[in-house]
Amino acid sequence: MKREQIQQHFEQQIASLKTIAGGVNATIYRIDLIDGQSVIVKASSQQDATLHIEGKMLQYLANNGDLPVPNVLHSEPQLLIMRYINNHGRITPSVEEDAARHLATLHNVTVEHFGLPFDTLIGGLHQPNTEDDSWIDFFREQRLLYMAQVAYEARQLPLKLRHRIERFATALDDLLIEPEQPSLIHGDMWGGNVLVLDGKIAGFIDPAIYYAHPEIELAFSTLFNTFGQRFFDVYTSLRPLEPEFFSVRRDIYNLYPLLVHVRLFGGGYVSQVDRILKRFGY
């Protein structure tokens, strides 16, 4: 998208425009306006672009809880404009403590059904959210089996491995637990989506929201070593965990983000899925 096409969305003149990331789905710019304001612009030239869904998710989080997320200024399929969140630094123990408090508060936002009234995205992939009264059924059908099929159709997941996932899915009733209530989750909780400033959380970006068992969020936060023991010490003081989360259910829930990565990148993520299935005898 050309500079003049972006300029028409602002009353103030653009002082500087810097490309900070470019990819298949969208190009990301940081724009400084002459009045001192800074914004992030995501732009896509694809006819089937879905940037408006990201905008809808951010607005949903802003309207349903206190999680710090970018303020959406404009949202359409090919263009998303958000207020820039100043950030600098890495995830430290104090950041983990702050993140734990934010996510515990988010997980206290509840509704009657798992899922969401609208479908969302994870890593740019379609994420179905048809509402369900059962968390285990929702996870089995709309997360594990769904993403396995998507990865298989993209020729990233071998057929034998897909069949093993299907067999494993029949055992989930004995391995997972139903929470008392569905909790709102960010849905894509890894370090690249955590913005830090002065030893605290500055904001969370790139959500993949729905109402879930919050354990799936907590599991994801350990997959790439985003959060560690200090995070869980604070989180569990606010929202205690059921036994066997770390020893059993964490690996099961991480099959979903791993399958997302299988679909997007293939490679070593296939072997990680294979190892988890073998661990449970499948």
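Residues numbered from 1 in each chain as written. Predicted model: local features only at pLDDT ≥ 70, side-chain atom pairs only at ≥ 80, totals over all residues. Heavy atoms only, no water.

Trainee: Could you give an account of the overall build of the protein chain, naming the residues involved and the relevant values?
Mentor: Each helix and strand in the protein chain was counted, giving ten helices and eleven strands. At 19 Å, the protein chain has a C-alpha radius of gyration in line with the 19 Å of a compact globule built from 282 residues. Counting every position in the protein chain, which comprises 282 residues, the buried fraction comes to 50%. Put simply, of all contacts in the protein chain between residues at least 6 apart along the chain, 64% involve residues at least 24 apart. As displayed, the protein chain has an accessible area near 13300 Å², and 47% of this comes from carbon and sulfur atoms. Counting 25 positive and 34 negative side-chain charges, the protein chain places the centres of these two groups 8 Å from one another. (Helix = DSSP H or I, 4+ residues; strand = E, 2+ residues; numbered from the N terminus. Rg over C-alpha atoms; globule rule 2.2 N^0.38 Å. Buried < 20%, exposed > 50% of the residue type's maximum accessible area, 1.4 Å probe, protein only. Contact = heavy atoms within 4.5 Å. Areas by Shrake-Rupley, 256 points an atom, 1.4 Å probe, with all protein chains shown as cover. Lys, Arg positive; Asp, Glu negative; His and termini not counted. Charge placed at Lys NZ, Arg CZ, Asp CG, Glu CD.)

Trainee: With reference to specific residues and values, describe the environment of Gly266.
Mentor: Mapped onto the secondary structure, Gly266 falls in the loop between helix 9 (245-265) and helix 10 (268-279). Considering only alpha carbons, one finds Gly266 and Ser75, 191 residues apart in sequence, at a separation of 31 Å. Residue contacts for Gly266: discarding those within four places in its chain leaves Gln156 and His261.

Trainee: Tell me about the pattern of salt bridges, and please be specific about residues and values.
Mentor: Following the criterion strictly, the structure yields 13 salt bridges and no others. Here Arg140 and Asp137 are joined by a salt bridge, their closest N and O atoms 2.6 Å apart. In this pair, Arg140 and Asp137 both sit in helix 4 (residues 135-153), three residues apart, roughly one turn of the helix. The class of Asp137 is partly exposed, set by a relative accessible area of 31%. Of the charged contacts, one joins Asp251 and Arg279 as a salt bridge, the two residues approaching to 2.8 Å between their closest N and O atoms. Here Asp251, found in helix 9, pairs with Arg279, found in helix 10; they are 28 residues apart in sequence, far enough to count as distant. Here Asp251 falls in the partly exposed class, since its relative accessible area comes to 24%. Through salt bridges with shared partners, one network takes in Lys42, Glu54 and Asp206. (Salt bridge = Lys/Arg side-chain N within 4 Å of Asp/Glu carboxyl O.)

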